[in-house]
Each structure stands twice: as structure tokens, then as C-alpha cells.
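So you can see what is in the structure, the chains are spelled out below.
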Amino acid sequence: MKLSIGHLFPELLNLYGDRGNIISLRRRMEWRGMEAEVTEYKLNDNIDFSKLDIVFLGGGSDREQLLVCKRLGGIREAFKDYVEGGGVVIAICGGYQLLGHYYKLKNELVPGLSILDIFTESGVGRLIGNAVIKADFSDVPIVGFENHGGRTYIGDHKPLGKVLFGSGNNGSDGGEGVIYKNVIGTYLHGPLFPKNPHLCDMVIKNALEKKYGKAELAPLEDEAEYKANSFIVNKYTRK
Ligand code: GLN
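Here the structure is a predicted model, which means the values were calculated and not measured.

## Structural notes on the overall build of the protein
Broken down by element type, the protein carries seven helices and 12 strands. Each of the three principal axes of the protein carries a C-alpha extent, and together these read 50 × 50 × 30 Å. In the protein, once contacts between residues fewer than 6 apart in sequence are set aside, the share between residues at least 24 apart is 69%. When the accessible surface of the protein is split by element, carbon and sulfur atoms take 52% of a total near 10800 Å². Positive and negative side-chain charges in the protein, numbering 30 and 30 respectively, have mean positions lying 3 Å apart.

If you want it as C-alpha cells, here you go:
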């Protein structure tokens, strides 16, 4: 079995080791005897979404987001069709904000893809630090690191998880990230997948099921990863 991963604009959207997520996806597939083909797209490259099984968008600074948003109009329609058809997307921080209608800065507006009915506004001060969230799909919390000036409001969408520690989407409503069909948006960097193998596997499984129907993932030796995960969970959530 093989998955094609499209890494969008890594030269602009790649903060705090987001690239480690791609390495994690690839290795966890290879360790199970599967293949992952990764294609990096530069800003003006043509993207054929019909050939992709996972789309990855990383985080970026406000300046980089302003550069990327100029290109989004050209891919919006095809990207939206991909999402509505069940295509798998993982979008982190700046990439997550770009899935929404806009990211409003003090003196500028970064128009987004409007793929999700969400929006972001910059607030006073940055929301920075380690974070722990609890998602519905697993008893094991998701841990990560957040650093964003934007506050995201997801309206009627479902958050990826409930904030157990940290700020999450906006520091006020207790939600972190968003989950819609096979799209995950999150503020958690870190890199996210090496710290949370259960989340990485969910993304792989969703992509395999979309492509091949049923998919079972053989367990891997993740003792060290889960030890590290629970160390962080205990450190920040134990009363
Ligand atoms: N520039 C955005 C913000 O500050 C996203 C930052 C990021 O991707 N870490 O909100």
C-alpha cells in the first residue's frame, strides 16, 4: 500500500520542526511495509489534488502567510473539492489559520481559503507554551507546543480536542484545533506526530481507508514515545 503526501509550500510554512511530521508519517508507514511518496510544492507549482492522499500545511510567520495567501485563490476550488471528497489534510498553526475565511492582523488582512467556516484575529500578546489536549478518538492526550498571535473562532465546527493545559484556539473557549471530515487543523507544533504517534496513525489510517477501503495498522514499538507523552501530560495536568 502506498500514500502520496503533498507538503505545501515548505519553504514558507515550516516552523518549529513541522517537517518532522512528514518524516514521522513516512517512517511509520515504512516500518509497516508500506510506501509514502512525499512531494514538496513551491508556491507557484501546479498541484493536482486528485493525486494526493494527505495534504500537509505547516506553520508560518505573519509575513510568510501574507506571501502564501496571494496564491490561495488559485488552488481554492480544487482544495475544497479534495476536502469535501474526504481528502486527508493536516494543517498546523499558520496553515490551520489559512483554511478559514481570514486572519485579521492589526493593519492587514490575510485572506484564507474559506474551506472551513472559521476565522482568526490577532489578539493582544502571543499564546505561547506547552499544551495538552484531550481528543475524542483516544484516551491518550495529545501534547504539543503552541506559539500564535492569532485567535481562531471555529463557530459550529467541532474542535480537535478540549484544552487540558495551554491556550488552544483563542485562550477563552476551551477548544483546540478543528476536525472536519478528514481535515485536522491545530495550533500544536512540536513536531506534533513524533510526540503523538496515536494521532499520526489516525491520519495514516484515514488516508488508507479513503484510498483502499478497510485498513488495519499493525502496532509499533512506541514505548519511549508514550513515556514522553505521559511525562508531559503529568507535568502539566497533575494537580
Ligand atoms: N503567524 C501566525 C500567528 O502568529 C501563525 C504562527 C505559527 O504558525 N506559529 O498567529
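Next comes the rest of the account.
## Here we look at the site of the ligand
As a matter of local geometry, the ligand sits amid 17 residues, with D62, Q65, C93, R126 and G150 nearest to it. N147 is positioned with one of its backbone polar atoms (N or O) 3.0 Å from a nitrogen atom of the ligand. For the ligand, whose free accessible area comes to 300 Å², the fraction covered by protein is 98%. Put simply, the parts of the chain that give the shell around the ligand at least two residues each are helix 2 (62–72), helix 4 (94–98) and strand 8 (142–153). Here the shell around the ligand takes four residues from strand 8, the largest share from any one element. Split into classes, the residues belonging to the shell around the ligand amount to four nonpolar, 11 polar and two charged.

## Considerations on the pattern of salt bridges
When the charged atoms of two side chains lie near each other, side chains of opposite charge can form a pair. Scanning all chains against the criterion turns up 16 salt bridges. The closest approach of N and O atoms between D136 and K158, which form a salt bridge, is 2.9 Å. Of this pair, D136 sits in the loop between strand 7 (119–134) and strand 8 while K158 sits in the loop between strand 8 and strand 9 (161–165); the two residues are 22 residues apart in sequence, bridging distant segments of the chain. Given the relative accessible area of 66%, D136 is considered exposed. Classification of K158 by relative accessible area gives partly exposed; the value is 43%. Residues E209 and K205 are paired through a salt bridge, measuring 2.9 Å at the closest nitrogen-oxygen approach. Within this pair, E209 and its partner K205 are both found in helix 6 (residues 197–212), separated by four residues, close to a single helical turn. For E209, a relative accessible area of 31% gives the class partly exposed.

Conventions used here
Residues numbered from 1 in each chain as written. Predicted model: local features only at pLDDT ≥ 70, side-chain atom pairs only at ≥ 80, totals over all residues. Heavy atoms only, no water. Helix = DSSP H or I, 4+ residues; strand = E, 2+ residues; numbered from the N terminus. Contact = heavy atoms within 4.5 Å. Areas by Shrake-Rupley, 256 points an atom, 1.4 Å probe, with all protein chains shown as cover. Lys, Arg positive; Asp, Glu negative; His and termini not counted. Charge placed at Lys NZ, Arg CZ, Asp CG, Glu CD. Near = heavy atom within 4 Å. Polar contact = N/O pair within 3.5 Å; in protein donor to acceptor, adjacent residues only side chain to side chain. Nonpolar A, V, L, I, M, F, W, Y, C, P; charged D, E, K, R; others polar. Salt bridge = Lys/Arg side-chain N within 4 Å of Asp/Glu carboxyl O. Buried < 20%, exposed > 50% of the residue type's maximum accessible area, 1.4 Å probe, protein only.

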